[in-house]
Amino acid sequence: MGTITTTDGTEIFYKDWGTGQPIVFSHGWPLSADDWDTAMMFFLLHGYRVIAADRRGHGRSTQTSGGHDMDHYADDLAAVTAHLDLQNAVHVGHSTGGGEVAHYIARHGESRVARAVLISSVPPLMLKTDANPGGLPKEVFDGLQDQVATNRTRFYRDFASGPFYGYNRPGAQPSEAIIDNWWRQGMMGGAKAHYDGIVAFSQTDFTEDLKKINVPVLVMHGDDDQVVPYADSGPLTAKLVKNGTLKTYHGYPHGMPTTHADVINADLLAWLQS
C-alpha cells in the first residue's frame, strides 16, 4: 500500500499486491478500493498483480474541495499507472469506476492497456436527454444529491440495504455485514466529493470515449440492476466499443461483484485466459 501526490496536490491512496500481469480495479460511488478486496484476493491467488486506488475524495485519499469530475478521475488513474509503471494492464471498473476506465483509456491512450472490463457500469450516459431518451430523469440524481447533503449516513444505510444489492427484492436475504461494509466505506469519504461525484457519473457522456477504445472489452451487467438500468447501459456500451463482448446476468443486482463474487470472478478469469 502507498500514496502518490498528483499535480494539483491531491494525495491518492492505493493498494498494490503481488506480481504478474497487473489488474487495476476502479471502484464505484461512493466507495473505496476496499470494495475490491474479494476480487483482489481471488486474482492475487491466481498469479496476478492487483492494484486498486481510492478515488480522490473517497476512502483514504485527500478530501479535496474540487476536481470531482471524470477528467480528474482519469488523470489520477493515469498518475497511479505511471507511478507504478504498469504495462499490459487489465483495467476493471465497477459502476462509476467503469466510466473512469473508459475515460482513462480514451484520454490517455492504450500504450499501457491490454484489456478492459466494465461491470454494472455507467457508460454510455445515465442522464435522460433528447439524444438519450432511455436515461434516468435529472430529478433522480438531484434527489441523490439532496440526500447526500442532508442525511448522508441514513441514506447510505438505506441505499445499501435496498437497490444497490437488490436486497429490496422479494425473497432476498440481506447481509448485514455487506451493508455495514458499504456504509463504512461511504462514510470514510468526503460529502463534497460524493455530492459532486453524482454529477460526474450521471451527466458525463462516454459515447465518444467508448468509440476510441480498441482493446478487447468485456461488459458484464445484471438485468435487474436498479442503479444503472441494463437496457440503457451494458448492451449499448458493448456495441460502441470496437471489440466488445456483452455478458448478461439474469436477475443480478448492481452490486453483483460482491453478491455474486464467485460467478463474476470466475467468468472474468475465464475471459482473461481465453
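Residue positions are counted from 1 within each chain, in the order its sequence is given. Whole-chain, interface and lining totals are the exception, using all residues; otherwise, since this is a predicted model, local features are given only for residues with pLDDT of at least 70 and side-chain atom pairs are given and counted only at 80 or more. Excluded from the side-chain calculations are hydrogens and water; all other atoms, namely the structure's heavy atoms, are used.

Visitor: Is there a simple way to think about unusual backbone geometry in this case?
Guide: Negative phi values dominate among residues other than glycine, just as trans dominates among peptide bonds. The omega torsion across Trp 29 and Pro 30 is -10 degrees, close enough to zero to call that bond cis. Note on conventions: DSSP H or I runs of at least 4 residues are helices, E runs of at least 2 residues are strands, and numbering of each starts at the N terminus. For Pro 30, the position within the fold is in the loop between β3 (22-26) and α1 (37-44). Note that the residue after Pro 123, namely Pro 124, is joined by a cis bond; omega there is 0 degrees. Turning to its location among the elements, Pro 124 is positioned in the loop between β6 (113-119) and α4 (138-161). Unusually for a residue other than glycine, Asp 85 sits at a positive phi of about 50 degrees. Its location among the elements puts Asp 85 in the loop between α2 (70-83) and β5 (89-94). With a phi close to 55 degrees, Asn 88 is a non-glycine residue in the positive phi region. With respect to the helices and strands, Asn 88 occurs in the loop between α2 and β5.

Visitor: Mind showing me how you'd approach the pairing of strand β2 (residues 11-17) here?
Guide: Each regular strand displays side chains that alternate between the two surfaces of the sheet. Strand pairing is assigned whenever DSSP identifies at least 2 bridges connecting the two strands. In terms of strand pairing, strand β1 (residues 2-5) meets β2 through four bridges, oriented antiparallel. Looking at the pairing, Thr 5 lines up with Glu 11 of β2. Between the end of β1 and the start of β2, which pair antiparallel, lie five residues, with Gly 9 showing a positive phi angle near 85 degrees. Alignment of β2 against strand β4 (residues 49-53), held across four bridges, turns out to be antiparallel. Pairing of Asp 16 across the sheet is with Ile 51, part of β4.

Visitor: Is there a simple way to think about the pattern of salt bridges in this case?
Guide: A side chain of one charge can pair with a side chain of the opposite charge if their charged atoms are brought near each other. Salt bridge, as applied in this entry: a Lys or Arg side-chain nitrogen positioned within 4 Å of an Asp or Glu carboxyl oxygen. Under the defined criterion, the tally for this structure stands at 18 salt bridges. Linking Asp 54 and Arg 60 is a salt bridge whose minimum nitrogen-to-oxygen distance equals 2.9 Å. Burial classes: relative accessible area under 20% of the type maximum marks a residue as buried, over 50% as exposed, and values in between as partly exposed (1.4 Å probe, protein chains only). Judged by its relative accessible area of 0%, Asp 54 falls in the buried class. Among the residues examined, Arg 60 registers a relative accessible area of 32% and is labelled partly exposed. Residues Arg 157 and Asp 180 are paired through a salt bridge, measuring 2.5 Å at the closest nitrogen-oxygen approach. Of this pair, Arg 157 sits in helix α4 while Asp 180 is found in helix α5 (residues 176-188), placing the two residues 23 residues apart along the sequence. In this structure Arg 157 comes out as partly exposed when scored by relative accessible area, which is 23%.

Visitor: Please clarify how the sheet that holds β2 should be interpreted in this entry.
Guide: Within a sheet, adjacent strands bond to each other through the backbone by hydrogen bonds, running parallel or antiparallel. Strand order in the open sheet made by the eight strands is β1-β2-β4-β3-β5-β6-β7-β8, with mixed pairing throughout. Because the sheet does not close on itself, it has two edges, and the strands there are β1 and β8 (244-249). Strand after strand, the sheet turns through a mean of 20 degrees between neighbouring axes, direction not considered. For β3 and β5, the ladder comprises four bridges, and the chain directions are parallel. Residue pairing across strands places Phe 25 opposite Val 92, the latter belonging to β5. Interaxial angles span 0 to 180 degrees and are taken between N-to-C directions of axes, which are lines fitted to C-alpha atoms, for helices over the stretch in contact.

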